[in-house]
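Take a look at the letters that make up each chain.
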Amino acid sequence: MSAYRANMSAAKAKYRRILLKMSGEALVGDQGYGIGVETLAGVARNLIELREAGVEVALVIGGGNIFRGAGLAAGGMERVTADHIGMLATLMNALALQDTLESQGAHARVMSAIRVNELCEDYVRRRAIRHLEKGRIVIFAAGTGNPFFTTDSAASLRAVEIGADLLIKATKVDGVYSADPAQHPDAERYLHLSYDEVLDHRLAVMDATAIVLCRDHAMPLRVIDMNKPGALLRAAMGEDEGTLVTGAPSVD
């Protein structure tokens, strides 16, 4: 760890409890599909670093690196069945991350919204909070357990349920832009947005259900680039990393 990051870890985090939302694609690595072992190890190190800074860490992870329910539904598969298969993909990612965290010395628990008792615990809100209070990293799998709801919505829901102080959405870009920065180099990066601005302008942050949940429960949301070194820790420290979405209109 660099001296800078060591000093950051020693500093007092602004947020006591954070829920991180990651896409399944964040685990792919170089092979383009499935789970990259080195990529998974890097994610685990970031989460452990956050925990060592005194932050209670929960996580919702997607399954798009393995299976996309919406994609197969568009191809003709019955939507409910496709979504259930997608939930199982998130469980695979969660179990892989749990194993990697434990191999690095962390304590982790997977909690599933669907019953798979031979593999992990059922999601029970009070038990999840207790795990966090004991310093365990909690990984929520299987979305909300219901079809037609994305893992973005699951992340907002779990963040509200466990009383998180901040919801972090990890993406491939360092915040929310007025247009796709890969296609529009002059696109503006917003430092701060309101929930209503995200909804009104249909900005690609999270799906509308997730944003409405955050808005209705005053859950602050920060969008960061997970691949940017130190970004997750800086967000936990309250620095202006990425884009912050709250109830107040932007003043940028």
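Heads up: the structure comes first, above all this text.
Residues numbered from 1 in each chain as written. Predicted model: local features only at pLDDT ≥ 70, side-chain atom pairs only at ≥ 80, totals over all residues. Heavy atoms only, no water.

Points about the packing of aromatic side chains
Remark: the centre distance and the inter-plane angle together describe each pair of aromatic rings, the angle taken between the planes. Counted by the stated rule, this structure contains one aromatic pair. Relative to Phe-140, the ring of Tyr-123 lies with its centre 5.4 Å away and its plane at 90°, an arrangement referred to as edge-to-face. Placement of the pair is Tyr-123 in the loop between strand S4 (121–122) and helix H5 (125–133) and Phe-140 in strand S5 (residues 137–141), with a sequence separation of 17 residues. Side by side, Tyr-123 and Phe-140 carry an identical accessibility label, which is buried. (Phe/Tyr/Trp six-rings, centres within 6.5 Å; stacked < 30°, edge-to-face > 60°. Helix = DSSP H or I, 4+ residues; strand = E, 2+ residues; numbered from the N terminus. Buried < 20%, exposed > 50% of the residue type's maximum accessible area, 1.4 Å probe, protein only.)

Some remarks on unusual backbone geometry
Of note in the backbone geometry, Arg-202 takes a positive phi value of approximately 50° without being a glycine. Take Arg-202: it is sitting in the loop between helix H7 (195–200) and helix H8 (208–216). According to the relative accessible area criterion, Arg-202 is exposed, its value standing at 78%. With a phi angle near 50°, Ala-218 is a residue other than glycine that sits in the positive phi range. With respect to the helices, strands and loops of the structure, Ala-218 is situated in the loop between H8 and strand S10 (221–225).

Notes on H8
Here H8 has its buried residues at Ala-210, Ile-211 and Cys-214. Taken around the axis of H8, the buried residues stretch over an arc of 95°, which confines them to a single face. Its buried side turned inward, H8 meets helix H6 (151–161), strand S6 (166–171), H7 and S10. Backbone geometry just downstream of H8 places Ala-218 in the positive-phi region, at approximately 50°. (Arc of directions from axis to C-beta. Contact = heavy atoms within 4.5 Å.)

Re H6
In terms of residue burial, H6 counts as a mostly covered element, since eight of its eleven residues are buried. Buried residues of H6: Thr-151, Asp-152, Ser-153, Ala-154, Ala-155, Ser-156, Arg-158 and Ala-159, and no others. If you check the start of H6, you find a side-chain oxygen 3.2 Å away from the backbone N of Asp-152, and it comes from Thr-150. Phi turns positive, to about 70°, at Gly-163, one or two residues after H6. (Polar contact = N/O pair within 3.5 Å; in protein donor to acceptor, adjacent residues only side chain to side chain.)

Regarding the nonpolar core
Among the nonpolar cores identified, the biggest contains 41 residues, and Leu-20, Met-22, Leu-47, Leu-97 and Leu-101 are the most heavily contacted of them. Mapped onto this core, the elements with two or more residues apiece are strand S1 (17–22), helix H2 (37–52), strand S2 (56–61), helix H4 (79–103), strand S3 (108–112), S5, S6 and helix H9 (231–236). Residue contributions to this core peak at six residues, all from H2. Residues contacting Met-22, with those up to four places away along its chain left out, are Leu-27, Val-43, Leu-59, Val-60, Ile-61, Gly-62, Ala-170 and Met-226. Among the nonpolar cores identified, the runner-up in size contains 31 residues, and Val-60, Phe-140, Ala-159 and Val-198 belong to it. (Core = buried A, V, L, I, M, F, W, Y, C linked by side-chain atoms within 4.5 Å.)

Let's talk about the sheet that holds strand S9 (residues 192–194)
The strand order across the open sheet built from nine strands is S4-S3-S5-S2-S1-S6-S10-S11-S9, with neighbouring strands paired in mixed fashion. A strand with exactly one partner marks an edge of an open sheet, and here the two such strands are S4 and S9. Sheet strands in contact with H6 are S1, S2, S5 and S6, and its direction is about 175° off that of S1. (Pairing = 2+ DSSP bridges. Axes fitted to C-alpha atoms, helices over the stretch in contact; angles between N-to-C directions.)

Side note on the environment of Arg-130
Looking at the element boundaries, Arg-130 is found in helix H5. For Arg-130, a relative accessible area of 46% corresponds to the partly exposed category. In this structure, the C-alpha to C-alpha distance between Arg-130 and Ile-162, residues 32 residues apart in sequence, is 9.8 Å.

Points about the pairing of S6
The two faces of the sheet receive side chains in turn, since in a regular strand these alternate between them. Burial within S6 is extensive, with five of its six residues counted as buried. Relative to S6, S1 is paired through four bridges, and the arrangement is parallel. If you follow Lys-21 over to S6, its bridge partner there is Lys-169. Bridge analysis of S6 against S10 gives five bridges, and the strand direction is parallel. Residue pairing for S10: Leu-167 is matched across the bridge by Leu-221.

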